[in-house]
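Architecture at a glance
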Amino acid sequence: MKHLLSVAALLLAFIAAPARAQEAGQSPEQQAFMKALSQLNWVKGPTSVQLPGNSKLAVPDGYVFLDSSNTDRFLELNQNIPGGHEVMIAPADLHWSAYLSFEDDGYVKDDDKIDAPALLKAMQEGTEEANKERRSRGWRELHVLDWAVPPAYNSSNKRLEWATLLQGDGGRSVNFSTKVLGRRGHTSVILATGENDLPESRPQLERVLAGYTFNEGDRYADWVPGDKVAEYGLAALVLGGAAAIATKKGFWAVLGGFLAAGWKFIAAGAVALSAGIRRFFGRKTDER
């Protein structure tokens, strides 16, 4: 979650101060944060990156990418719990960010029904369990208010999509989730954006995802009898797939752990900093 150490607020402090007065105008906490941010290995588009799950992503011009280790560091800097295997792509002004990860649980059958109200209730209860982890880290709590977009499956592109409205002490945010089904598993995509920015951010993410594909032989249509099949369907996929059917640790403990690492909270107003943040990336990112 992006709270006191929000990217937007600290980048604003970074770009607003004159060059000679930047350090003097920042608190030690801000200076340390900006130094850590500048040390991340930002990859600038246009380029293509190979991802887990035998897939690839085209990073468009005007976008930036972080591999899994740098994504973990970015998430920690912004009070998000790292999942350990996520990568991040975002526009160069950081007004939204998207996190991709692959789960090799097997082929997910897409023939079950989705009960949106029941899933929302389970998600809300699981998130309250996840807040135990947040409190243990000294972070603020997060709550699920409602669906921003109810879950629905698109059989043409093999994507399950939904959006949740989140409430934190610092304000509201929306997480838009996409599950891209493949032959051997699925790729999860979580878009973190402002509550009022989803109508703009979602189409931008869709254009980015047009450049994401499983390689030949690993697409959903490539499944053949004998391949591994996941132990869950679409409805359970909304709640984290394997987390939703866990029994050894207890359902809520496992679901809470999944949600603790899954939620992302974006700083409000980051879109207004577009020009300055682009200037920041112009100095700080690697030319790739």
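Because the structure is predicted, anything quoted here is derived from the model rather than measured.

Turning our attention to the sheet that holds strand β8 (residues 159-168). Taken together, the 8 strands give an open sheet; going across it, the order is β1-β4-β5-β6-β10-β9-β8-β7, and neighbouring strands pair in antiparallel fashion. The two strands at the open ends of the sheet, each matched to only one other strand, are β1 (43-44) and β7 (142-154). In terms of strand pairing, strand β5 (residues 87-91) meets strand β6 (residues 97-103) through 3 bridges, oriented antiparallel. Looking at β6, one finds that V87 is bridged to L100. Most of the contacts of helix α6 (residues 198-209) go to strand β10 (residues 186-194), to which it runs at about 150°, and overall it touches β4 (63-66), β5, β6, β7, β8, β9 (171-181) and β10.

Under the defined criterion, the tally for this structure stands at 7 salt bridges. The partner of D227 in a salt bridge is R183, and the shortest N-O contact between them spans 2.6 Å. With a gap of 44 residues between them, D227 in the loop between β11 (212-214) and α7 (234-238) and R183 in the loop between β9 and β10 connect regions that are remote in the sequence. Residues D218 and R184 are paired through a salt bridge, measuring 2.6 Å at the closest nitrogen-oxygen approach. With D218 in the loop between β11 and α7 and R184 in the loop between β9 and β10, the pair connects residues that are 34 residues apart, well separated along the chain. Judged by relative accessible area, which is 10%, D218 ranks as buried.

If you walk across this open sheet you meet the 3 strands as β2-β3-β11, and the pairing is antiparallel. At either margin of the open sheet sits one strand with a lone partner, and together these are β2 (47-51) and β11. The sheet shows a mean angle of 20° between the axes of neighbouring strands, taken without regard to direction. Of the pairings in the sheet, the one linking β2 to strand β3 (residues 55-59) comprises 5 bridges and is antiparallel in character. Residue pairing across strands places Q50 opposite K56, the latter belonging to β3.

On to the nonpolar core, then. The nonpolar side chains of soluble globular proteins are, as a tendency, buried together. Counting residues in hydrophobic clusters, the biggest one holds 27 residues, and the most contacted among them are L51, L57, F65, I89, L205 and Y212. For this core, the element with the highest residue contribution is α6, accounting for 4 residues. When near neighbours in sequence (up to four residues on either side) are disregarded, F65 contacts N41, W42, V43, V49, L51, L57, V59, V87, M88 and I89. By size, the runner-up hydrophobic cluster in this structure holds 22 residues, among which are L119, M123, L166 and L239.

Definitions and limits used
Residues numbered from 1 in each chain as written. Predicted model: local features only at pLDDT ≥ 70, side-chain atom pairs only at ≥ 80, totals over all residues. Heavy atoms only, no water. Pairing = 2+ DSSP bridges. Helix = DSSP H or I, 4+ residues; strand = E, 2+ residues; numbered from the N terminus. Contact = heavy atoms within 4.5 Å. Axes fitted to C-alpha atoms, helices over the stretch in contact; angles between N-to-C directions. Salt bridge = Lys/Arg side-chain N within 4 Å of Asp/Glu carboxyl O. Buried < 20%, exposed > 50% of the residue type's maximum accessible area, 1.4 Å probe, protein only. Core = buried A, V, L, I, M, F, W, Y, C linked by side-chain atoms within 4.5 Å.

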